[in-house]
Amino acid sequence: RAVVVKTVFKTCDLDGNGRLDCKELRRFAEQTGFQGDDEQWAEEFAILCEEQGGHKSSGFNLDMFTKLVDDSSGDGCFCSDDELRAMLSVWIAHH
């Protein structure tokens, strides 16, 4: 599972800096059902960062992202291995 999560993270990390900013994490969020506008996503991103112990200015690192996709509570965004692989397939098909 760790390999799949890391691959999704790296695929979202468009600038390769090891952190997902607001724009980069939105790519993942849209695959998990987020349909709001830019303003709504900025608010959600700030909340997610705070819940994971970070800040919106520094974004998500791999550990925070892993916690997010492993968390089945209301605060998380649990994704099965199959769901993560499906995201990768969609992204690969569009590039």
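Provided above is the structure to which this section pertains.
Parameters and conventions
- Residues numbered from 1 in each chain as written.
- Predicted model: local features only at pLDDT ≥ 70, side-chain atom pairs only at ≥ 80, totals over all residues.
- Heavy atoms only, no water.
- Salt bridge = Lys/Arg side-chain N within 4 Å of Asp/Glu carboxyl O.
- Helix = DSSP H or I, 4+ residues; strand = E, 2+ residues; numbered from the N terminus.
- Buried < 20%, exposed > 50% of the residue type's maximum accessible area, 1.4 Å probe, protein only.
- Phe/Tyr/Trp six-rings, centres within 6.5 Å; stacked < 30°, edge-to-face > 60°.

Participant: Explanation requested: the pattern of salt bridges in the structure shown.
Facilitator: Where charged atoms from two side chains of opposite charge approach closely, those side chains can pair. If you walk through the whole model with that rule in mind, you get five salt bridges. Across the salt bridge formed by aspartate 70 and arginine 1, the nearest N and O atoms sit 2.8 Å from each other. Of this pair, aspartate 70 sits in helix α4 (residues 62-70) while arginine 1 sits in the segment before α1 (2-12), placing them 69 residues apart in sequence. Take aspartate 70: its relative accessible area is 38%, and that puts it in the partly exposed class. According to the relative accessible area criterion, arginine 1 is partly exposed, its value standing at 35%. We note a salt bridge from glutamate 30 to arginine 26, for which the minimum N-O separation is 2.9 Å.

Participant: Help me out: how do you make sense of the packing of aromatic side chains in this one?
Facilitator: The description of an aromatic ring pair rests on the distance of the ring centres and on the angle between the ring planes. Summed over all chains, the structure comprises five aromatic pairs. On the basis of an interplanar angle of 55° and a centroid distance of 5.8 Å, the ring pair of phenylalanine 9 and phenylalanine 65 is categorised as tilted. With phenylalanine 9 in helix α1 and phenylalanine 65 in helix α4, this residue pair connects regions lying 56 residues apart in the sequence. On the basis of relative accessibility, which here comes to 4%, the residue phenylalanine 9 falls in the buried class.

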